[in-house]
Amino acid sequence: MALGLLLAGSFPWPVYPPVLATSRETSRETTVSAQQNARVFDTVCRLIERRYYDPRLHGANWRDLTQQFRRQALAAKDESTLYRAINQLLATLDDQHTFALPPSRVREEKQGARVGLGIQLRKLEGQWVITHTLGGSAAHEAGIRPGWIIAEMDGQPFTGFKPGQRFQIGQSVKLKLIDSNDHPKRVEVICRPFATTPEQRVQYLPDGVLYLRFTEFAPKTADWLEEHITSNPQAAGLIFDLRENTGGLLDVLADCLRLIYRQDVVFGDFIQRNQKPLRMRVSGNRQAYTGPVLVLIDEHSASAAEIFAAAVQETGRGTVIGRRTAGAVLASIQEPLPDGGKVQISIRDYRTVRGVRLEGQGVTPDVTVKLTLEDVRRNVDVDLRYALQQLALTLKRQGQRSGLNVLPDGLPQLGRTPHLPLPAGATCHSAGKHNLGTIGLDSQSTVMANCAFVF
């Protein structure tokens, strides 16, 4: 299987991340022409016809669709309109891995920064809730904090950011917010660039439990994991936090899995365009960690993160905790376009070793935990609490002493509130009250800001 194959849960138009631009980039869009638009649009169509994993294109009437959207593409006066037409065509494939990015977005990716507010949003209980503010961002400096609800933006009721919404450096965004005490606040945010660096974080929890959070299976991720895991072979357990992990590279995924399997393991098959399967397997690693493993997932865990969680679950290697994943599990490649944009194309489907197709379905956790508005406002990481609870029970069954009931002083980004009852709404076969303390959500962590839920 080719190394470097993408397993990244990106999102197509109209769901893919907003295209953000500076005023300079916006002015450059006016130079597009019908001839250039035709070259870009036709290149995308040819690549889909030749490379897409389903040669029947899911039964779509591709000829009629291309004619319909080609007219719109050729009439486009700027790159936003052009790529809207292209992505509306690609959206008919109902495939979160197949989409096109305009040149301005490609430039942003190369620069490692985006322009915007610097907030992470999640819809909870019918309301748009800020779950993170990025450290140093415009929103954080304006005093906006996790747990606040966006009620209005620029005088209009807030219903979520619009597809393809653009922000410019210096743009004023006026928000009406409801703070964690249900008090209304009006805040003006002046947009500016914020970093899009993927997050990697390690924390040492009680009894030597190793907590490993990363938001992308990027180059050297496996090296980072191996460094911490091999230096702690006696760790009481490993917690892999794959929440908001949007995927990455296939070879990196395989290298990460090798760190917890001493025997050869087959995890599933990638199905090619010609229907021939390519088996995904890893060879045994004599130095692999053999203790308890837990994996945290959520609605934004996608692609490679979903395969990792499904592998741990189906092989019985560990317990998966959180919420059902995105169901975006196709292997894809990226191809350049004539104007400097690029298109990502799904070239392989995936089924687990048990024959389960994860695309559109996702991974259902062993322990389902409901995230509530109150959890965010109280800065409580309920998923991590349940992971510690599960690990404590596992160690107890194994006859090992567990000190997981109290968090020590000095743990970075973790609060301490003893005797906090377990939250309502969680489904867990081992439910009960355990003195696990309050595990805090980091309000300033550098989350994977390339995701569709960061603005």
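Residues numbered from 1 in each chain as written. Predicted model: local features only at pLDDT ≥ 70, side-chain atom pairs only at ≥ 80, totals over all residues. Heavy atoms only, no water.

Draft legend 1. Main features of the overall build of the protein chain. Helix and strand counts for the protein chain stand at eleven helices and 21 strands. Buried positions account for 57% of the 455 residues belonging to the protein chain. Sequence separation of at least 24 residues holds for 73% of the intrachain contacts in the protein chain that already meet a minimum separation of 6. Within the structure as shown, the protein chain displays about 19,000 Å² of accessible surface, and the carbon and sulfur contribution to it stands at 47%. (Helix = DSSP H or I, 4+ residues; strand = E, 2+ residues; numbered from the N terminus. Buried < 20%, exposed > 50% of the residue type's maximum accessible area, 1.4 Å probe, protein only. Contact = heavy atoms within 4.5 Å. Areas by Shrake-Rupley, 256 points an atom, 1.4 Å probe, with all protein chains shown as cover.)

Draft legend 2. Spotlight on the sheet that holds strand β21 (residues 367-368). In space, the six strands of this open sheet follow the order β11-β12-β13-β17-β18-β21, with mixed pairing throughout. Every other strand in the sheet has two partners, leaving β11 (200-205) and β21 as the edge strands with one partner each. By the bridge criterion, four bridges tie strand β13 (residues 238-241) to strand β17 (residues 293-297) in an arrangement that is parallel. Bridge pairing in β17 links Phe-240 to Val-295. Along the sheet face, helix α7 (residues 221-230) touches β11, β12 (209-214) and β13 and points at about 170° away from the line of β12. (Pairing = 2+ DSSP bridges. Axes fitted to C-alpha atoms, helices over the stretch in contact; angles between N-to-C directions.)

Draft legend 3. Focus on the environment of Trp-148. For Trp-148, the location among the structural elements is in the loop between α6 (138-141) and β6 (149-153). C-alpha of Trp-148 to C-alpha of Val-376: the two residues are 228 residues apart in sequence and 9.0 Å apart in space. Once residues lying within four places of it in the same chain are set aside, the contact partners of Trp-148 are Trp-128, Val-129, Ile-130, Gly-143, Leu-177, Ile-178, Asp-179, Ser-180 and Lys-185.

Draft legend 4. Examining the pairing of strand β5 (residues 127-133) more closely. Across the seven residues of β5, five count as buried, placing the element largely inside the fold. Relative to β5, strand β4 (residues 119-124) is paired through six bridges, and the arrangement is antiparallel. Note on β5: the bridge partner recorded for Leu-124 is Gln-127. Linkage of β4 to β5, two consecutive antiparallel strands, is achieved through a turn of two residues, within which Glu-125 is found at a positive phi near 55°.

Note that every value here comes from positions in space, so none of it alone points to a role or purpose.
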